[in-house]
Amino acid sequence: IAISLKLMESVSACSKLNKTLRQHYLNLPQGGKCQVTYIWIDGSGEGLRNKTRTLDEEPKSIWNFDGSSTDQSKGSDSDMYLVPVQMFRDPFILDPNKLVLCEVLKYNREPAETNRRISCNKVMEATKEHCVWFGMEQEYCLLSMDRYPYRWPKGGFPRPQGPYYCAVGADCVYGRDIVECHYKACLYAGIKICGTNAEVMPGQWEFQVGPCEGIDVADHLWVARFILHRVCEDFGLLATMDPKPIEGNWNGSGCHTNVSTKQMREEGGLKYIEQAIEKLSHRHQEHISVYDPRGGEDNKRRLTGLHETANIKDFSHGVANRGASIRIPRQVGQDGRGYFEDRRPAANCDPYSVAEAIVRTCLLEGEDGE
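Overview of the structure. Because the structure is predicted, anything quoted here is derived from the model rather than measured.

Looking at the overall build of the protein
When its secondary structure is counted, the protein shows 11 helices and 13 strands. A compact globule built from 370 residues would reach a C-alpha radius of gyration of about 21 Å, and the protein, at 21 Å, matches this within 12%. The principal-axis extents of the C-alpha atoms in the protein amount to approximately 60 × 50 × 40 Å. The 370 residues of the protein split such that 50% are buried. Considering only residue pairs separated by 6 or more positions, the protein has 64% of its internal contacts joining residues 24 or more positions apart. About 17,400 Å² of surface is accessible on the protein, with carbon and sulfur atoms providing 51% of the total. Side-chain charges of the protein comprise 45 positive and 51 negative groups, with the mean position of each set lying 3 Å from the other.

A few points about empty space enclosed by the protein
On inspection of all chains with the given rule, the structure shows 3 cavities of 30 Å³ or more. The calculated volume of the largest cavity comes to roughly 90 Å³. Lining the largest cavity, in full, are Ile41, Leu101, Cys102, Glu103, Val104, Thr114, Asn115, Arg116, Arg117, Asp350 and Tyr352. A per-class count over the lining of the largest cavity returns 5 nonpolar, 2 polar and 4 charged. Approximately 60 Å³ is the volume attributed to the second largest cavity. Lining the second largest cavity are 14 residues, and of these Leu303, Thr309, Ala310, Ala324 and Arg343 lie nearest its centre. Taken together, the residues of the lining of the second largest cavity sort by class into 4 nonpolar, 5 polar and 5 charged.

As for the environment of Phe226
With respect to the helices and strands, Phe226 occurs in helix α5 (residues 216-235). Accessibility expressed as a relative area gives 5% for Phe226, which makes it buried. The spacing of Phe226 and Lys279 is 53 residues in sequence and 33 Å in space, taken between C-alpha atoms. Ignoring anything within four residues of it in the chain, the contact list for Phe226 reads Thr37, Ile39, Leu48, Asn50 and Leu99.

So, the environment of His256
Topologically, His256 is positioned in strand β10 (residues 255-260). Look at His256 and you get buried, because its relative accessible area is 8%. With 69 residues separating them along the chain, His256 and Ser325 place their C-alpha atoms 9.9 Å apart. His256 has contacts with Gly135, Met136, Glu137, Arg302, Glu341, Asp342 and Arg343, leaving out every residue within four places of it along the chain.

A closer look at the nonpolar core
Core analysis: the largest hydrophobic core is formed by 77 residues, its most contacted members being Tyr140, Ile191, Ile227 and Phe340. Element by element, the count of residues in this core is highest for α5, at 11 residues. Once you skip the residues sitting within four places of it in the chain, Tyr140 turns out to touch Val179, Gly203, Gln204, Trp205, Glu206, Phe207, Leu228, Ala239, Thr240, Met241 and Ser253.

Some points on the state of the cysteines
Taken as a whole and judged by the stated rule, the model has 0 disulfides. Unpaired in terms of disulfides, Cys166 finds its nearest cysteine sulfur in Cys172, a separation of 12 Å. The exposure class assigned to Cys166 is partly exposed, which follows from its relative accessible area of 46%. Counting only cysteine sulfurs, Cys181 is the nearest neighbor of Cys232, a cysteine outside any disulfide, at a range of 10 Å.

Reading the values: rules and limits
- Residues numbered from 1 in each chain as written.
- Predicted model: local features only at pLDDT ≥ 70, side-chain atom pairs only at ≥ 80, totals over all residues.
- Heavy atoms only, no water.
- Helix = DSSP H or I, 4+ residues; strand = E, 2+ residues; numbered from the N terminus.
- Rg over C-alpha atoms; globule rule 2.2 N^0.38 Å.
- Buried < 20%, exposed > 50% of the residue type's maximum accessible area, 1.4 Å probe, protein only.
- Contact = heavy atoms within 4.5 Å.
- Areas by Shrake-Rupley, 256 points an atom, 1.4 Å probe, with all protein chains shown as cover.
- Lys, Arg positive; Asp, Glu negative; His and termini not counted.
- Charge placed at Lys NZ, Arg CZ, Asp CG, Glu CD.
- 1 Å grid on protein atoms, 1.4 Å probe; cavity = no way out; pocket = protein on both sides within 12 Å on 5 of 7 lines; lining within 4 Å.
- Points joined across faces, edges and corners; volume = space filled by probe spheres on them.
- Nonpolar A, V, L, I, M, F, W, Y, C, P; charged D, E, K, R; others polar.
- Core = buried A, V, L, I, M, F, W, Y, C linked by side-chain atoms within 4.5 Å.
- Disulfide = S-S within 2.5 Å.

What follows is the structure, encoded as structure tokens:
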């Protein structure tokens, strides 16, 4: 049938609808009302869901939804509660409308199994005096609707890796329109996005969020992911955070996490960076188990010791070493202060779990009985 409908459409049918007609309706006045889109993490621990309601003012109240439809409860007791925690401007339908990130509570007001924000926030509050800064580097890959990398030859492969990283030119850059729209949308929303670049594998990109203090880095990263998926939806493509989207001699996707405490940033801070790395070395497997949603199984495909990764079984560190578990940037080594980079988290990690694990190990070890 026409070569299986051209091996399925490369872009979604919805992306081909008349966007000029759509704009007519978006330009209609709202009568002073505010459309608020509530965003939450679903039962998979990596997917996002959303629903919209009309409000007269900024949201502060709890809303509920059917958790049985998001893999978060049984149908016989399916009411779940959304608790607003962070609010952003809506870059899709514009001011005065809002995007609201929510925590999910079960019917008994206990945290849902994939609500890891509450425990993360407790750790951040307990270590507030350390003024922990984070920067997270979110890698992802653009896919066509057939779930094959965008612009890769169907059933084949592009040229080997080499010319694509931070590249320019139509023969090396796949999907820049999406990247630039996502960047602008994040800035409009108030996301603390600080950069973007094309990555090593063709069709693979990265954006960075930070520096943020404490829980904010995870809040902002989750909403930046939501905005990315929405932008891709408009263009008819998919974004995947799979840690190894294509097997073989192609780079995987990670979420490198940069960490700095107040002591690390001060004169002589390298000593505190080294102390933190020593603590991390003793809990390598514990960290691996929370650095992807499947207890390390996803990261096994990525952390092989090849393609700028350390082997998942080994802990290593070094100055300017991108093949290590923990990298100390060369400038930090020269200055004797700054930050370290944990290169182990997978692209599909829960940033709440990553941030909590790092702070718990580096700052609470020995203080809370662990």
